[in-house]
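Listed below, chain by chain, are the residues.
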Amino acid sequence: MIRAGKRAEVLRSNTPWMCLSCYHCVVRCPQEIEITDVMYAIKTIAEKEHTYPSNVGPDFTGVFIGQARRFGRSWEIGLTARHYLRHFPLRLPGMAPMAFGLFRHGRIGILPHRIEQRKQLQAILKRADELERAQ
Amino acid sequence: MTAEHSHLPAENEIRIGVYVCHCGSNIAGVVDVAEVARWAAENLKDQGVVVARDYKFMCSSPGQELVTDDIKNFGLNRIVVAACSPHLHENTFRTATARGGLNPYLCELVSIREQDSWVHTDKAAATVKAKAILAGGVERVRRNEPLSPVRVDINPATLVVGGGIAGISATLELADAGFKVYLVEKDPSIGGHMAQFDKTFPTLDCSACILTPKMVAAGTHPNVELLTWSEVEKVEGYVGNFTVTVRKKARYVNEDLCNGCGVCQEKCPKKVIDEVFEAGLGYRKAIYTPFDQAVPRTPVIDRPNCTYFEKGTCKACEKFCETNAIDFNQEDSIVTLEVGNIIMATGYDLFDARKMTQYGYGRLPNVFTSLEFERLSNSAGPTNGHVVLRDGVTEPKSVAIVHCVGSRDKNHNNYCSAICCMQSLKFAHLIKEHTEATIYDFYIDMRTAGKGYDEFYQRILEEGGIFVRGKPAEITDVARTPEEEGKLILSVEDTLIGQQRRFPVDMVILSSGLEPRADAKELAVRFGISCSFDGWAIEKHPKLDPVATMTEGVFVAGCVSGPKDIPASVAQGAAAAARVLGRIQQKVMSLEPIKATVHAEHCSGCRICNTMCPYNAISFDDALGVSSINAAMCQGCGTCVAACPAGAISGTGFSDEQVLAQIEGLLMVGADGAPLRRSAFPVAHHEAVEEAVRA
Amino acid sequence: MSGYLYYPGCSMEGSGRSYRESLEGVLEPLGITLEEINDWNCCGATEYVSLSTTPAYAMIARNLAIAAGEQKDGESLVAACSACYLNLAKADHYMGKQPALNARVNDALGAGGLHYDPGTVRVRHLLEVILTDVGLDAVKAAVKRPLTGLKVAPYLGCMVPRPDVTGMTSDHDQPKSLDMLLRALGAEVVDYPLRTECCGGHMTQIAPRVGLELIRRLVSEAERLEAVMMVTVCPMCQINIDAYQGEMNAMFHTKHKMPIVFFTQLMGVAFGLEPKKMGVGREYTNASKTLAKALKAAPELALAAAGAPPAPRPRPDKRALPMPTMPQTPGMADSEVQE
């Protein structure tokens, strides 16, 4: 579609955000096209140009990464809380049993785990951001 | 080797004609050809250049005439043409030279196209390079000697390897022309894959009906000696004079006594799955002929599966044989054949569909390959022509046919297998004939290029059937809705309507691609031909010489050189036979005299060259303690010349002298195009060359 | 004892806690030591690469750089979480294949005083390490309580067999590696055709209808084949199938109850360790009852019987056509599973 001049439609499409990276397409493609990587590329460009149709997907990703960058680790409960509050507030009560269940079995932490060398990580990522922008 | 006894003409006797070709704008667009010719006339006079011309297309008739006329008018005795690669026109100019009355090997062609104008953009530098290349050619040709071709006799007998339709076609052409043919086939009967098919496209002829008459003709022809259940073990010799060692595997049945009655097969208690002829779908006995119309009718005992050979008991076949033809003590026999030419027609193997795990072949019972389906549909097959599911009983109500399985796929075989689209359409028709099933055909493209092929496609379209343009992503038995329960589901994107769809069917047929035989590469080595990375035999020229190979005397026909349909295979078989007949009729063949020779007096007997020769042309004389080269087998590749540590081997037509002279000539021209020094005679004054370079 | 560097991944502390507990428990019987690399950071899962490229790979590469720094003798880096494994392997692979990416990532790493040359650290998945380095025979030998009578569905998930940049599997669709391991523990393994279908990843958070349907397919097929438990290698797969079963049942009006555990938990139980210590019971869809029931019902069998091939199938109908034979050692690269 991009080659047919429909670049804008592609970037506005919801399809790449539905890709779960299962890689079935890549191993089967007779032309060995790395389709999953194409999806990633479309997503990163859509993110940069803000052309994604719905921001549930990009937002989830953004929150996840924002937390991972800050703490050096992902923070499930922080992610879920923020995500549901923003996008599915009415579903929060329904999630309570699951959250409680996970708590009970010791499978979820309340506070985020922070790595020691946070500054190092952030320096690396800051430089990476610069390089990414320059691309 | 009969180089005419001559001495090199004294310096002032050499008269060279130089011809620089424009090749339209191919050369002239980059190299200033007029300037090169002018430069040669002026600066290479002392090297013997008498006339130097430039011309638009030297290979044209008038261009060639320039050469022949100049030889006569100027008394030329050497020719240098600066044009395209010798690969293309060396012969052209050598022939023109011969027409002028000069020995053709006194003509040299240097490439200022592939090696100059086609690879450079700097016109000034390219012109200088052309001058240097030309100077090299001039220096070399001064050392050329007149040569005569080697002549070899042609044995009128021919070996055809492979008894499929291509091999049979070649055999019949040669035999009918009155010449002896040895037809070697590794299976117990000739017939090849075509014997397995049900009907052939586009005529829907019964395959066996059109094949068996040819099989019988080949089997009973007085000029044909059939060696089935046999394999070629060694090929020695050269064109016109091949010595081939064939292993006739033990059948454990005496061919002379056996009358083909078939009682032994009836009485044999041991049943095994027939992996070859029945494509793994049916059974045969331990003593068997692959199919009823086998030629020859003599059965074969499958030793690893025979109860007698395993345990020492049974011998039912022997008991019931009325002519006492069973011979458990029979051994393999080695037969040596002397032939003049060889035609390889060893055919193809089917792509192993188990490799495409997403299609479930081997895991899901009702997924079949094309050959399996041919056997199902064939009335002489394991189900007597009933198209049924793997349970052997149920008729399918819906069948899917998948194109391009293993073909056009970088994960497996990148090429198109040529016949599968037509084969899939044929299947669609056959299924309609045999069942009431709904037919789905999944394709990427419809490749129906041959005569009557697209009309066949249109006919099948009219017969009804659902054609989906999309390659199935997977075939699964996991149902998502009640309608899908118990079915095979194909998941596919219907690209014509732009939707993903799921098709539940009872049976799936995979049109698997064609592959080279599993032992194709070993066979190529054995016969001394080349094959590609995939394993397909390489023709001499894919467009203009599809049945010859780079090895003189060895030809290819049929699928051994690439996937093709039956008409093409038959045509190639006949074409190869025609080429062989041409050779036989000439009785004697001329071979290029560009050969290597061992100078016995310098040979130390180290034998390094013996194993290096890719054509096995070098042998060692124990008595004399020196190596010697068979001129007919030698292809003049030069490997031994370079390898000999004593420098005892020289190449006729590429002697050390000639090569070094050419290098000298190249170095004679400075970067600015001015000549550095005149050549000395004799050649290879290294100090002088260094001096020239420093200047 | 074979020594490896170890990258746990964020889920090991949280939702994948039973994975960690059981993994730590089976190390000794298997003869493996895992050395956790120091101060590792989140690999970014499938999230970061969707937002940007260089920062995503830089984040992963920090871990590779740390691992490289801790190598004493060329040890491999082992990950148990499929996404972590794939991210580490992909980063190493792409940095090796694309010099421009390599340059940018190392530039970024340099800002943190780190550097990583692609190819320095070999990234491996725990399952492959067990099958290749430890070997099925050693696993069988360590089994004290064969899981006879426990009918399981092996669920590998998508990231281990695909895209397989490390060449650890020879079948992208139906690898039998996990099957073989579970059989070696004595369990009865059903031929589960959806063994590498995607569990939905984070789709339950983005488009619940799609995410839950993906889960439903997996669970219903396992149930249809009469498996009582699913076994997996990936924490994401585990939590999806485990924690969302309730919601899934609600949405589709089904009554599925399919516990799912990690393969290391079953290994631990088979090695004679206490199920509770292996984290059994931490599931949302409780597995301890199912496990206990199956083990109680099975008689103790001699060790020699553990890992015996499945009972021969009933004789097919005489009229049936023969099936093609399948190659002997599917799943892992042939040379490795010959033992």
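None of these values were measured; they are calculated from a predicted model.

## Examining the overall build of chain B
- Broken down by element type, chain B carries 19 helices and 34 strands.
- Overall, chain B is about 90 × 70 × 40 Å in size when its C-alpha atoms are taken along their principal axes.
- Expressed as a percentage of the 695 residues in chain B, the buried residues total 54%.
- Sequence separation of at least 24 residues holds for 69% of the intrachain contacts in chain B that already meet a minimum separation of 6.
- Split by element, the accessible area of chain B, about 29900 Å² in all, is 51% carbon and sulfur.
- Computing the positive centroid from 69 side-chain charges and the negative centroid from 86, chain B places the two 1 Å apart.

## A few points about the sheet that holds strand β3 (residues 78-83) of chain B
Residues and elements named next belong to chain B.
- In spatial order, the strands read β2-β1-β3-β4; together these 4 strands make up an open sheet with parallel pairing. Taken across any chain shown, the strands that pair with only one partner, and hence form the sheet edges, are β2 (49-55) and β4 (107-111). Between one strand axis and the next, the sheet turns through 15 degrees on average, direction left out of account.
- By the bridge criterion, 6 bridges tie strand β1 (residues 16-21) to β2 in an arrangement that is parallel. By the bridge assignment, Y19 is partnered in β2 with R53.
- Here helix α3 (residues 86-99) sits on the sheet in contact with β3 and β4, set at roughly 155 degrees to β4.

## Examining the state of the cysteines
Residues and elements named next belong to chain B.
- What the rule picks out here adds up to 0 disulfides over all chains.
- Looking at the unpaired C264, the closest cysteine sulfur is the one in C261, lying at 6.1 Å.
- Of the residues examined, C264 reaches a relative accessible area of 12% and is grouped as buried.
- Free cysteine C603: the closest other cysteine sulfur is in C609, separated by 6.4 Å.

## Overview of the interface of chain C and chain B
- At the junction of the two partners, chain C supplies 18 residues and chain B supplies 25 residues.
- Here chain C meets chain B over a buried area of about 1900 Å², counting both sides, of which 58% is carbon and sulfur.
- For the interface between chain C and chain B, the tally reads 0 salt bridges.
- Across the chain C-chain B interface, the total number found is 4 residue pairs in polar contact (both at pLDDT 80 or more).
- Looking at the side of chain C that touches chain B residue by residue, the class counts come to 9 nonpolar, 2 polar and 7 charged.

## Considering helix α1 (residues 17-30) of chain C
Residue and element names in this part refer to chain C.
- Taking 1.5 Å of rise per residue, 14 residues should cover 20 Å, and α1 covers 20 Å from first to last C-alpha, within 8% of that figure.
- By the burial criterion, the buried members of α1 are S18, Y19, E21, S22, L23, V26, L27 and L30.
- Within two residues after α1, G31 carries a phi angle of roughly 75 degrees, on the positive side.

## Thoughts on the confidence of the model for chain B
Residues and elements named next belong to chain B.
- Summary statistics for chain B give a mean pLDDT of 91 and a share of 95% for residues scoring 70 or more.
- Here residues 1-8 scores under 50 on pLDDT; set against residues more than four positions off or in separate chains, the count is 19 contacts.
- A low-confidence stretch, residues 680-686 stays under pLDDT 50, and its non-local contacts, those more than four residues away or across chains, total 15 contacts.

## With respect to the side chain of N63(C)
Residue and element names in this part refer to chain C.
- Mapped onto the secondary structure, N63 falls in helix α3 (residues 54-70).
- Residue class for N63 comes out buried when judged on its relative accessible area of 0%.
- In this view, N63 contacts Y7, I37, W40, N41, C42 and L88; residues no more than four positions away in its chain are not counted.

## Focus: the pattern of salt bridges
- The tally for this structure, following the rule as stated, stands at 56 salt bridges over all chains.
- The residue K426(B) makes a salt bridge to E374(B) at a minimum N-O spacing of 2.6 Å. Placement of the pair is K426(B) in helix α12 (residues 420-434) and E374(B) in helix α11 (residues 370-377), with a sequence separation of 52 residues.
- Under the relative-accessibility criterion, K426(B) is labelled buried at 2%.
- A salt bridge links R124(C) to E128(C); the shortest N-O distance between them is 3.1 Å. An identical accessibility class is assigned to R124(C) and E128(C); each is buried.
- Among the ionic contacts, a cluster of salt bridges with common partners joins E35(B), R38(B), E42(B) and K131(B).

Cut-offs and rules
- Residues numbered from 1 in each chain as written.
- Chains lettered and ligands numbered in written order.
- Predicted model: local features only at pLDDT ≥ 70, side-chain atom pairs only at ≥ 80, totals over all residues.
- Heavy atoms only, no water.
- Helix = DSSP H or I, 4+ residues; strand = E, 2+ residues; numbered from the N terminus.
- Buried < 20%, exposed > 50% of the residue type's maximum accessible area, 1.4 Å probe, protein only.
- Contact = heavy atoms within 4.5 Å.
- Areas by Shrake-Rupley, 256 points an atom, 1.4 Å probe, with all protein chains shown as cover.
- Lys, Arg positive; Asp, Glu negative; His and termini not counted.
- Charge placed at Lys NZ, Arg CZ, Asp CG, Glu CD.
- Pairing = 2+ DSSP bridges.
- Axes fitted to C-alpha atoms, helices over the stretch in contact; angles between N-to-C directions.
- Disulfide = S-S within 2.5 Å.
- Buried area = accessible area lost by both parts, 1.4 Å probe.
- Salt bridge = Lys/Arg side-chain N within 4 Å of Asp/Glu carboxyl O.
- Polar contact = N/O pair within 3.5 Å; in protein donor to acceptor, adjacent residues only side chain to side chain.
- Nonpolar A, V, L, I, M, F, W, Y, C, P; charged D, E, K, R; others polar.
- Expected span 1.5 Å × (residues − 1).
- pLDDT = per-residue confidence, 0-100.

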